[in-house]
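Single-letter residue listing:
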Amino acid sequence: PAWRGGWRPASVDAGESGTLARLALASLALCSQPGENVEVRASGSLTTRSSGALIEALEHGGVEVLSRTWPVRLRSIGPPSTLVLQRPESSQEASALAIALAAYPDENELRIEGELPSRPYFELTRAVLGQFGARVERVEDASNSERETWRVRGPLRAPAEPLAIEPDASLAAVALAAACLSGGDLTALGLQASSAQGDVRSVEHLRAFGCSARSSARGLRASGFPQRGAELDLRGEPDLAPVLAIVAAGAALVAPNGSTRSVLRGLETLNRKESRRLDVLSAGLRSAGWRTEARDAELWIDAPPGRLERTTLELDSCGDHRMAFAFALLGLLRAGVVVRDANCVAKSWPSFWRDLGELGLRSSPA
C-alpha cells in the first residue's frame, strides 16, 4: 500500500481519462493512509460522466464518500475483506477494485453482481496483475448465474524481467480499417491474435465484412475493401464499434442487393462514453447519406438511397477521440467530410492526422 512507503497523495488530476479516474478512486480509497481525505479531479468531457457503481462499492466497503460529483472526495480506509460491485457500468470499475485489492498480501474478495461489460478488458487486467505477482481467481458458484466472486491476493511486485507492452489494439484497428477502405495493405506490428487485448478481434470482424485480415508472425494484417454487410456482437469490444460502423458503411456501397445491411449489437455502453457514441455515429452516417438507425444497444447501417453528395459536410466529433477517428475514416468513403474539434485525438493518438497523411490518405480536420 502507498502509505507504507510514505507516499501520501492529497489528490489526483485525471484530466479527461475515465480509466485513470476509476483506477485512482479505488487506489486512493483503499491504499492511502487510513482516514486520509483524498480527491480525484476531472476536466472536459469526463465531468459529464460518473462511476456510480464504483463509488457505491467503495462506500459499502466502508469508505466515507464526501463528494460524489467531480472532484470526488473520499476518506480512505484499509482494505475490506469483501467488496461488492453491483450493476457495473464499465469493466474498469472491476479492474480498479482488483488492482487496489492486489496491493495487499492477504486474500480479499471481489463480488460482481450483474453482467460485467467489456469483459476482455477485465481479463487483460487479470493477466497484467499476474505478471506483477498477484492472483485474481474466480470462485465457481453454480447457485447464482448473475453473481461472480473473485479472490484477490497480492502483494504486487515488479517483474524480474523487463515487461513488454503491446501496441494499443483499438488504435491499430483504426489503421487496419483505413487500409481496407482505401485499397491499401497494412500490418500493425507487435500484435498477435493470442493477445489478451480483446480488440485484436478487429481482424475477425474485418473478415466478416469480406476483407482480407489475419494475424501473422509480424502482427495484424488487413487489406481489401469490405464486400458485404455483417452482423456482429461487440459486447466484449465496444471500442471497435465506431471503426466497424464505417467499415459497414463501405460495405453497403458495393455489396450486392440483399447483403448491404449491417447490424452491430452489444452496444449498451456506447452512450455512456466521452460522447453519446451510438447517437453521434448514427447521426453522422445519416448526415453523410447512409440509412442508419440506432435501436437501444444496436446500430443498423444500410446503403444510401441514392448517390452520395460531394458537398462539404462538417461532422462534430463532440470532443470524442473515437468519433474523430470514425469520421476521418468516413472521409475515405465520401468526399467533403470535415471533422470538427479534431484535436481531441490528442487524448490517445496525438499524431493521428499527420500519420494518416503519411500513409497516403487524406481526411480533413477543422
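Residues numbered from 1 in each chain as written. Predicted model: local features only at pLDDT ≥ 70, side-chain atom pairs only at ≥ 80, totals over all residues. Heavy atoms only, no water.

Chemist: Help me get a handle on the environment of Ala179, residues and values and all.
Modeler: Examined against the element boundaries, Ala179 turns out to sit in helix α5 (residues 169-182). Judged by relative accessible area, which is 7%, Ala179 ranks as buried. Here the alpha-carbon distance between Ala179 and Phe225, two residues 46 residues apart in the chain, equals 8.4 Å. Other than its neighbours up to four places away in sequence, Ala179 contacts Gly184, Asp185, Leu186 and Ala222. (Helix = DSSP H or I, 4+ residues; strand = E, 2+ residues; numbered from the N terminus. Buried < 20%, exposed > 50% of the residue type's maximum accessible area, 1.4 Å probe, protein only. Contact = heavy atoms within 4.5 Å.)

Chemist: Provide a residue-level description of the packing of helix α7 (residues 241-254) against helix α9 (residues 321-330), including the pertinent values.
Modeler: Their axes nearest at 8 Å, the elements α7 and α9 cross at an angle of 15 degrees. Relative to α9, the element α7 lies roughly parallel. In terms of crossing hand, the pair formed by α7 and α9 is right-handed. Together, Pro242, Val243 and Ile246 of α7 and Arg322, Met323, Ala326, Leu329 and Leu330 of α9 make up the contact between the two elements. Residues that form the contact of α7 with α9 fall into these classes: seven nonpolar, no polar and one charged. (Axes fitted to C-alpha atoms, helices over the stretch in contact; angles between N-to-C directions. Parallel < 35°, antiparallel > 145°, perpendicular 65-115°, else oblique. Left-handed = near helix turned anticlockwise from the far one by under 90°. Nonpolar A, V, L, I, M, F, W, Y, C, P; charged D, E, K, R; others polar.)

Chemist: Please provide a residue-by-residue account of the pairing of strand β14 (residues 291-295), values included.
Modeler: Summarising the sheet, β14 and strand β15 (residues 298-302) pair through five bridges and their orientation is antiparallel. Bridging from a neighbouring strand, Arg295 pairs with Glu298 of β15. Connecting the antiparallel pair β14 and β15 is a turn made up of two residues, with Asp296 showing a positive phi of about 50 degrees. (Pairing = 2+ DSSP bridges.)

Chemist: Report on the side chain of Glu237, specifying residues and quantitative values.
Modeler: Inspection of the secondary structure assignment puts Glu237 in the loop between β12 (231-233) and α7. In terms of polar contacts, Glu237 uses its side chain to reach the side chain of Arg201, at 2.8 Å. The contact partners of Glu237, leaving out residues within four places of it in the chain, are Pro120, Gly198, Asp199, Arg201 and His205. (Polar contact = N/O pair within 3.5 Å; in protein donor to acceptor, adjacent residues only side chain to side chain.)

Chemist: Report on the pairing of strand β10 (residues 212-215), specifying residues and quantitative values.
Modeler: Where β10 meets strand β11 (residues 219-223), four bridges bridge the pair, whose relative direction is antiparallel. Across the sheet, residue Ser212 finds its bridge partner in β11, namely Ser223. The loop that links β10 with its antiparallel partner β11 comprises three residues.

Chemist: Which residues make up the layout of surface pockets, and what values do they have?
Modeler: Think of a ball as big as a water molecule: rolled over the atoms, this probe shows where empty space is left. Each pocket or cavity is described by its volume, and for the largest pocket that value is around 1,300 Å³. Put simply, the parts of the chain that give the lining of the largest pocket at least two residues each are α1 (18-31), α3 (91-101), α4 (119-131), α5 and α9. If one sorts the elements of the lining of the largest pocket by residue count, α4 sits on top with eight residues. For the lining of the largest pocket, the class distribution of residues is 14 nonpolar, 17 polar and 13 charged. (1 Å grid on protein atoms, 1.4 Å probe; cavity = no way out; pocket = protein on both sides within 12 Å on 5 of 7 lines; lining within 4 Å. Points joined across faces, edges and corners; volume = space filled by probe spheres on them.)

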